[in-house]
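Listed below, chain by chain, are the residues.
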Amino acid sequence: MAFADDLLEQAKHLARREPKRPRQASLRRAVSTAYYALFHLLISEASSNWKIAAQRARFARIFEHSRMNAASVRAAGSSFSGGDPAKAGHLRNVARAFSQLYEDRRVADYDTAAQWSRVEVLTEIDLVEQAFVSWHAIRNQAIANDYLLSLFVRER
Amino acid sequence: MGRRASEASDNKVSVMQGVFKGVAQSEKLAAAIANLELRLRPDVVRIRHTVGEDSSGQPAIFFRVLLSDRASRPDRLRQVTRKVRNLVFQDIDPVNSCGLVPYLRFRSQSEQAELKEPAWA
């Protein structure tokens, strides 16, 4: 199983770890882990397009969270006019999930006053699961490759 | 009226127009959310929202959707939250209608009864 899939499975485990009274630590780590599942899925997909296999791990280090988020916010609000609406819908699912989880991961990791509930966390994880499904539906399409490029190329 | 006074007056008009546009936009947004809340009953108990900035400093709208306990059951949660998200993105479309990046969080009624967070009340 790929690293991203393992992280998604770990997020689900953390979200359900205490059946009666979930600990805030488990819920926060679940949100953070779900974010990283999507983050690593996209990085691994972008890196796999790099021709020289020995350089892929170094290539993966060029990605920045904030730039990936800015690209995702743009994609989430785009109409992709003229393109296939189904493919555009899948890409928007991925981009919206990234944008939501980017924001919520910061809250989960750094805002100690924020309280999380299990339903909140399960819906975040579901969003990432849905993004995985959508990504696999379009991963070989031009629209997906353009998005991957936008995740690390500075907008001019 | 001198040029400076005229510019100041123009600026005042433009600021006031911005305020009116903002108020009109926020009223329109609140009406759209109230309408959505009605359409989503009884699964959705209420939708609260806050307009502000996200962690990147972008204008954003934060939705807090309180679900009924029935809608929060494992066999229904996915279907209900997907429906809410789709309607928010299609009908309200905060990015293209108001320039706001949307964020949605969901909580069940019994969870809120325990956590008692005013922002969700």
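Since the model is a prediction, treat every value here as computed from it, not as a measurement.

Definitions and limits used
Residues numbered from 1 in each chain as written. Chains lettered and ligands numbered in written order. Predicted model: local features only at pLDDT ≥ 70, side-chain atom pairs only at ≥ 80, totals over all residues. Helix = DSSP H or I, 4+ residues; strand = E, 2+ residues; numbered from the N terminus. Rg over C-alpha atoms; globule rule 2.2 N^0.38 Å. Buried ≥ 20, exposed ≤ 12 C-beta atoms within 10 Å, placed from the backbone. Core = buried A, V, L, I, M, F, W, Y, C linked by C-beta atoms within 7 Å. Contact = placed C-beta atoms within 7 Å. Pairing = 2+ DSSP bridges. Axes fitted to C-alpha atoms, helices over the stretch in contact; angles between N-to-C directions. pLDDT = per-residue confidence, 0-100.

Asks: Even after reading the chapter, I still don't get the overall build of chain A, so can you show me in this structure?
Replies: A tally of regular secondary structure across chain A gives seven helices and zero strands. The order of α-helices and β-strands along chain A, N terminus first, is α-α-α-α-α-α-α. Radius of gyration (C-alpha) of chain A: 16 Å, near the 15 Å computed for a compact globule of 156 residues. In terms of overall dimensions, chain A has C-alpha extents of about 45 × 40 × 30 Å along its principal axes. Expressed as a percentage of the 156 residues in chain A, the buried residues total 43%.

Asks: Where do I start with the nonpolar core in this structure?
Replies: Within soluble globular proteins, side chains that are nonpolar generally end up buried alongside one another. Residues and elements named next belong to chain A. Formed by 65 residues in total, the largest nonpolar core has its most connected members in Ala 11, Ala 30, Ala 34, Ala 37, Leu 38, Leu 101 and Val 128. No other element matches helix H2 (residues 24-48), which puts 13 residues into this core. Not counting residues up to four positions away in its chain, the partners in contact with Val 128 are Leu 8, Ala 34, Ala 37, Leu 38, Ala 97 and Leu 101.

Asks: Whenever I open this one, the sheet that holds strand E1 (residues 44-53) of chain B confuses me. Can you help?
Replies: Across a sheet, strands are paired by hydrogen bonds formed along the backbone, either parallel or antiparallel in direction. Residue and element names in this part refer to chain B. Pairing is mixed in the open sheet, where three strands are placed in the order E1-E2-E3. Here the strands that pair on one side only, and so sit at the sheet edges, are E1 and strand E3 (101-108). If you compare each strand with its neighbour and ignore which way they point, the axes differ by 20 degrees on average. Where E1 meets strand E2 (residues 59-67), nine bridges bridge the pair, whose relative direction is antiparallel.

Asks: Teacher, can you tell me more about the confidence of the model for chain B here?
Replies: The predicted coordinates of low-pLDDT regions are not to be read in fine detail. Looking at chain B as a whole, the pLDDT averages 87, with 80% of positions reaching at least 70. Confidence metrics for the complex model read pTM 0.89 and ipTM 0.92.

Asks: I'm lost on the environment of Asp 5 of chain A in this one. Help?
Replies: All names here are of chain A. Mapping Asp 5 onto the fold places it in helix H1 (residues 3-15). According to the C-beta neighbour criterion, Asp 5 is partly exposed, with 13 such atoms within 10 Å. Sequence separation between Asp 5 and Glu 129 is 124 residues, and the spatial gap between their C-alpha atoms is 9.5 Å.

Asks: It is not clear to me how the pairing of E2 of chain B should be interpreted in this structure. Could you clarify?
Replies: Residues in a regular strand point their side chains to alternate faces of the sheet. Residues and elements named next belong to chain B. The element E2 is extensively covered by neighbouring structure, given that seven of its nine residues are classed as buried. Linking E1 back to E2 in an antiparallel pair, the connection comprises five residues, with Gly 57 at a positive phi of about 85 degrees. Judged from the eight bridges that link them, E2 and E3 form a sheet pairing that is parallel. Note on E3: the bridge partner recorded for Phe 63 is Leu 104.

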